[in-house]
Amino acid sequence: MRAQFANRGGGAGGARGGAGGAGAGGARGGGGAGGGRGGAGFGFFGGGGAANPAEEAVALLETTKDMKPADGALTGELTEEAVAQRLSFGRGGRGGGGGGGQTPPAPKNAMGSVKFWLKDGALVKYELHIKGTVTGRNGETEVDRTTTTEIKDIGTTKVDVPDAAKKKLGA
């Protein structure tokens with residue numbers, strides 16, 4: 001799977017959705033030089049700072065232990081540190097607004113798993129499930145979130161060049 005993303009350039013095709021838990025699904029920009037909330041990522045309580053699905057898949061693979069085939073996918077448990085980081089993403093400890101620079105308590109009962117689906121050796125879908133209890137300004141919040149990312153329609157983009165542009169380009 002790593003070879004698939006070795007020369008990944010910018011962005012990746014696909015759709016993202018989430019269900020359950022505390023937070024909204026979907027892509028969230030941010031980060032970069034001096035902006036956002038400490039790095040680009042996806043969603044709240046589960047982003048982990050990955051810039052796009054390809055980078056997120058690699059980061060998940062690198063923090064997964066005991067990967068094994070099951071139900072037509074490769075499955076594994078995330079390390080406790082990886083789950084704690086994803087549960088804590090975007091909460092205090094940034095040295096800026098919000099937490100006043102204080103590090104929030106570590107999540108309790110943190111656990112997570114990931115599934116990767118491959119087709120013809122290429123990643124076509126992955127699912128991240130994280131669960132735990134986080135402590136914030138308003139007390140403890142239970143988080144139980146599953147996020148699925150599908151990668152599809154790769155190489156199918158078509159561009160219709162207007163006739164005026166073709167003339168200017170001499171084509």
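Above this text is the structure in question.
Residues numbered from 1 in each chain as written. Predicted model: local features only at pLDDT ≥ 70, side-chain atom pairs only at ≥ 80, totals over all residues. Heavy atoms only, no water.

Draft legend 1. Structural view of the side chain of Thr147. Checked against the element boundaries, Thr147 lands in strand β8 (residues 139-150). Judged by its relative accessible area of 6%, Thr147 is buried. Polar contacts involving the side chain of Thr147 include one to the side chain of Arg145, which spans 3.2 Å. (Helix = DSSP H or I, 4+ residues; strand = E, 2+ residues; numbered from the N terminus. Buried < 20%, exposed > 50% of the residue type's maximum accessible area, 1.4 Å probe, protein only. Polar contact = N/O pair within 3.5 Å; in protein donor to acceptor, adjacent residues only side chain to side chain.)

Draft legend 2. Molecular detail of the packing of aromatic side chains. Applying the stated criterion across every chain yields a total of 1 aromatic pair. An angle of 40° between the planes, with centres 6.3 Å apart, marks the rings of Phe116 and Tyr126 as tilted. Here Tyr126 lies in strand β7 (residues 122-136) and Phe116 lies in strand β6 (residues 108-119), a separation of 10 residues in the sequence. Among the residues examined, Phe116 registers a relative accessible area of 1% and is labelled buried. Given a relative accessible area of 1%, Tyr126 falls into the buried group. (Phe/Tyr/Trp six-rings, centres within 6.5 Å; stacked < 30°, edge-to-face > 60°.)

Draft legend 3. A look at the side chain of Thr64. By the element assignment, Thr64 lies in strand β4 (residues 64-70). The class of Thr64 is buried, set by a relative accessible area of 15%. At 2.5 Å, the side chain of Thr64 and the backbone oxygen of Leu60 are in polar contact. Setting aside residues up to four positions removed in sequence, Thr64 forms contacts with Gly76, Glu77, Leu78 and Val114. (Contact = heavy atoms within 4.5 Å.)

Draft legend 4. Local environment of helix α3 (residues 80-88). Of all the positions in α3, only Ala82, Val83, Arg86 and Leu87 are classed as buried. Buried residues of α3, viewed axially, fall in a sector of 130°; they line one side. Facing away from the buried side of α3, by more than 90 degrees, are the exposed residues Glu80 and Glu81. If you follow the buried residues of α3, they end up packed against α2 (53-62), β5 (73-78), β6, β7 and β8. (Arc of directions from axis to C-beta.)

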